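Descriptive analysis of the structure
Chain by chain, the residues:
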Amino acid sequence: MPESALDRAETLLDSSGRDANRPEPNRLDVRVDPKDLLTAVASLMDARWGYLSAITGLDNDSQLEALYHFCSGADIVTLRASTDRADASLPSVCRLIPSAGVFERELSELFGIDIQDAPDTSRLLLPDDWPLDVFPLRKDTDVSNVPSVPVLSQPSEKNRFVVPIGPQHPALKEPGHFEFTADGEVVTAASLRLGYAHRGIEKATESRSWIQDLYLLERVCGICSHVHALAYSLGAERLAGVTAPPRAQAIRELVSEMERIHSHLLWLGVTAHEAGFESLFMYTWRDRETIMQLVEDLTGNRVNYSANVLGGVKIDIDAARAHALLNGVDFLEQRTRHYLEEVGGDETFLRRTRHIGIMSAHDAEVLGVVGPSARASGVLRDIRAEAPYAAYLQFPVEPVLRHTGDLEARVLARVLELFESYRVIRELLDNLPAGPLVARMPRRIRAGETISRVEAPRGELFYFLKSNGSEHPERIKIRTPTLCNMSSALHLTVGRYLADVPMLLAGVDPCFSCNDRSVHLNVAGDTWTWQQLSQHAREFYA
Amino acid sequence: MLNGALDRIRAWAQINSPWVVHFNSGSCNGCDIEILATFTPKYDVERFGVKLQGSPRHADVLICTGPVTRQARDRLKRVYDQMPAPKYVIAVGSCALSGGVFQGCYGVVGHVDAVIPVDIYVPGCPPRPEAIIDGLVKLLGKLEGTAAHA
């Protein structure tokens with residue numbers, strides 16, 4: 001019998017880890033001492049065993065635990081490192097995995113684990129006025145009345161021009177904040193601040209019931225709401241030992257692909273808008289309404305469709321709806337062919353995309369890029385194919401790979417994926433299994449841990465669920481694809497022209513538009529008045 | 001006499017072409033994509049003269065989505081303060097109206113009208129584009145009333 005990937009990982013971790021066990025057939029959990037963490041991570045990375053998908057923090061009373069989840073295909077290796085609550089600290093793994101920076105910043109802010117030798121310790125998620133010693137995801141933290149502390153302004157460095165983008169912009173889907181340091185027109189450094197939409201959902205899941213959480217988690221993202229509910233439902237069902245019936249699984253896949261179509265068309269429109277191709281923006285959004293109408297006919301809502309329940313789905317599809325869906329897919333396929341000609345043949349558009357923002361397969365792997373952005377660089381990362389869930393085993397999709405790794409490849413990868421979605425929708429409708437829609441869920445979900453991964457339109461969506469056997473989950477950790485892709489987008493902007501920045505950001509699908517033009521000058525903590533500013537300008541240019 | 005005439009001219013101009021700026025203070029994007037959809041061909045709110053603008057300094061109407069997060073509260077105020085008067089605010093979606101499903105989350109301070117004054121409320125999770133258009137048209141009707149009384 002050939003050695004499995006998990007066996008290989010167990011051999012690699014033999015010297016640095018202990019207590020290896022397999023909680024589920026595709027998972028290997030290994031305890032690691034904090035001082036051996038870097039050795040353990042290095043042995044996995046040196047052998048090119050998968051990529052770091054997420055870091056989950058857990059509060060186990062006197063100890064805080066960090067779970068480093070490495071994924072390779074369907075297999076998941078979790079390194080579990082515990083540290084004392086009173087003096088919590090872990091070494092940074094950024095030296096081995098540069099993309100781990102955002103995960104570590106999240107861990108240190110929300111759990112108060114000090115990350116030694118971290119390259120960037122600035123705030124990522126919590127508000128500016130949040131006290132430095134309040135860690136919301138620790139179980140004993142009361143988050144109902146957290147005091148506000150004065151915001152210290154950052155001392156500005158001389159001789160550099162910073163272009164801030166966000167948090168407010170009309171086409172900005174996510175209120176993030178970027179700072180690009182520019183030398184003339186060329187970007188020399190880029191930094192990221194998130195948290196404008198940080199609501200504290202992970203903490204909120206712990207005080208709501210398993211059923212309430214389904215509706216809360218569906219609202220993590222309004223664009224890919226179905227995959228969030230799906231990842232959660234699949235995880236909760238696995239913990240409860242329930243499998244949804246085949247018809248429910250097929251309908252879950254159907255809605256996933258419909259969601260992918262609306263999301264990719266939305267993205268194509270926004271990218272066209274960033275490139276100044278307004279007519280393509282308007283046409284794609286007009287055609288997107290076809291799929292929105294079909295989603296609404298099927299589920300009753302345009303955005304948060306609530307197709308899932310724990311144990312199955314609550315919507316069914318009849319002959320009339322199937323017929324309407326097939327007609328809609330025919331129309332969209334013909335339109336998508338036209339878009340393919342436009343984005344692949346329009347000279348002006350190609351000048352904004354071809355050979356721009358090239359990310360090699362190696363960079364994509366090292367930076368932990370997921371989804372269509374990784375596939376555009378020739379890295380096969382598609383959970384639908386690697387670890388099929390719902391009905392993807394019976395109704396598989398063929399991942400679309402491109403190899404040039406530039407913006408053009410990222411556009412083409414998404415447009416070509418649309419054809420794959422149309423094809424699989426037809427196949428699903430022709431062969432929809434008969435039977436019930438829901439399997440009975442037990443009243444309580446038994447204690448345990450599980451990991452649920454699904455392929456969102458933007459890439460791998462990662463859920464870690466822990467149940468303590470009560471009405472409420474013990475811990476739910478969500479790692480969205482954009483968190484992985486954002487650091488790669490920033491990496492790509494360095495050395496490029498400022499004018500390419502909006503396209504490069506949009507290339508990984510977090511939709512950002514042109515540069516914010518209001519520069520907020522802070523000098524020694526004071527905000528300048530208009531008079532001071534004009535005085536400064538006169539003196540500066542004199 | 002002269003002031004009354006100026007008010008009428010201003011209201012007339014606003015009714016015919018209100019410029020809109022959009023701010024997301026912690027939304028899940030659901031309302032935001034529906035707002036963008038109202039500006040695209042199927043719903044085409046531009047037929048009422050409504051134009052989406054990039055800068056708050058050019059805008060008459062602020063459309064807000066999402067619960068207000070702690071980090072965004074100050075930014076929401078700043079965006080509102082940058083708009084020239086007279087200005088109007090439309091709160092779109094359950095979260096903007098009440099905090100919605102995110103009530104009680106530690107990052108959320110509340111609903112939009114706890115931070116800035118709101119003129120029109122559009123409920124829904126998310127509201128349909130038709131409902132957003134209805135909200136905008138109701139605001140225009142309100143302005144028309146002001147113009148008639150000025």
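Residues numbered from 1 in each chain as written. Chains lettered and ligands numbered in written order. Predicted model: local features only at pLDDT ≥ 70, side-chain atom pairs only at ≥ 80, totals over all residues.

**What to know about the sheet that holds strand β9 (residues 177–183) of chain A**
Residue and element names in this part refer to chain A.
- Ordered by their spatial adjacency, 3 strands build an open sheet running β8-β9-β10, and the pairing between neighbours is antiparallel. The sheet is open, and its two borders are formed by β8 (161–165) and β10 (186–193), each paired with just one other strand. Across the sheet, the mean angle from the axis of one strand to that of its neighbour is 25 degrees, orientation sign disregarded.
- As paired elements, β8 and β9 share 5 bridges and run antiparallel to each other. Note on β9: the bridge partner recorded for Pro-164 is Glu-179.
- The sheet contacts of helix α15 (residues 481–493) involve β9 and β10, and relative to β10 the element is tilted by about 160 degrees. (Pairing = 2+ DSSP bridges. Helix = DSSP H or I, 4+ residues; strand = E, 2+ residues; numbered from the N terminus. Axes fitted to C-alpha atoms, helices over the stretch in contact; angles between N-to-C directions. Contact = placed C-beta atoms within 7 Å.)

**Topic: the pairing of strand β1 (residues 17–21) of chain A**
Residue and element names in this part refer to chain A.
- Two strands pair when backbone bridges link them, and β1 and strand β2 (residues 27–32) are joined in this way by 3 bridges, in the antiparallel orientation. Its bridge partner being in β2, Gly-17 is matched across the sheet by Val-32.
- Following β1, the chain reverses through 5 residues before pairing antiparallel with β2.

**With respect to the environment of Leu-310 of chain A**
Residue and element names in this part refer to chain A.
- Mapping Leu-310 onto the fold places it in the loop between β11 (308–309) and β12 (312–313).
- The exposure class of Leu-310 is buried, given the 22 C-beta atoms found within 10 Å.
- Separated by 130 residues in sequence, Leu-310 and Arg-440 place their C-alpha atoms 8.6 Å apart.
- Dropping the residues within four chain positions of it, Leu-310 is found in contact with Trp-210, Ile-211, Leu-214, Ser-233, Ala-236, Glu-237 and Met-441. (Buried ≥ 20, exposed ≤ 12 C-beta atoms within 10 Å, placed from the backbone.)

**Remarks on the interface of chain B and chain A**
- Each side of the interface is counted separately: chain B has 38 residues, and chain A has 37 residues.
- Sorting the residues of the side of chain B that touches chain A by element identifies β1 (19–24), α2 (30–38) and α3 (70–82) of chain B as the ones contributing at least two each.
- Ranked by residue count, the leading element in the side of chain B that touches chain A is α2 of chain B, at 6 residues.
- Residues belonging to the side of chain B that touches chain A are distributed by class as follows: 18 nonpolar, 14 polar and 6 charged. (Nonpolar A, V, L, I, M, F, W, Y, C, P; charged D, E, K, R; others polar.)

**Section: the packing of helix α7 (residues 246–274) of chain A against helix α8 (residues 278–299) of chain A**
All names here are of chain A.
- The contact between α7 and α8 brings their axes to 8 Å, and the two run at 165 degrees. Between α7 and α8, the angle is such that the two are roughly antiparallel. The two elements α7 and α8 cross, and the hand of that crossing is left-handed. Taking contact as the criterion, the partners of Met-258, Ile-261, His-262, Leu-265, Leu-266, Leu-268, Gly-269, Ala-272 and His-273 in α7 are, on α8, Glu-278, Leu-280, Phe-281, Thr-284, Trp-285, Asp-287, Arg-288, Ile-291, Met-292, Leu-294 and Val-295.
- The residue inventory of the contact of α7 with α8, partitioned by class, reads 13 nonpolar, 4 polar and 3 charged. (Parallel < 35°, antiparallel > 145°, perpendicular 65-115°, else oblique. Left-handed = near helix turned anticlockwise from the far one by under 90°.)

The values are spatial; any link to function lies outside them.
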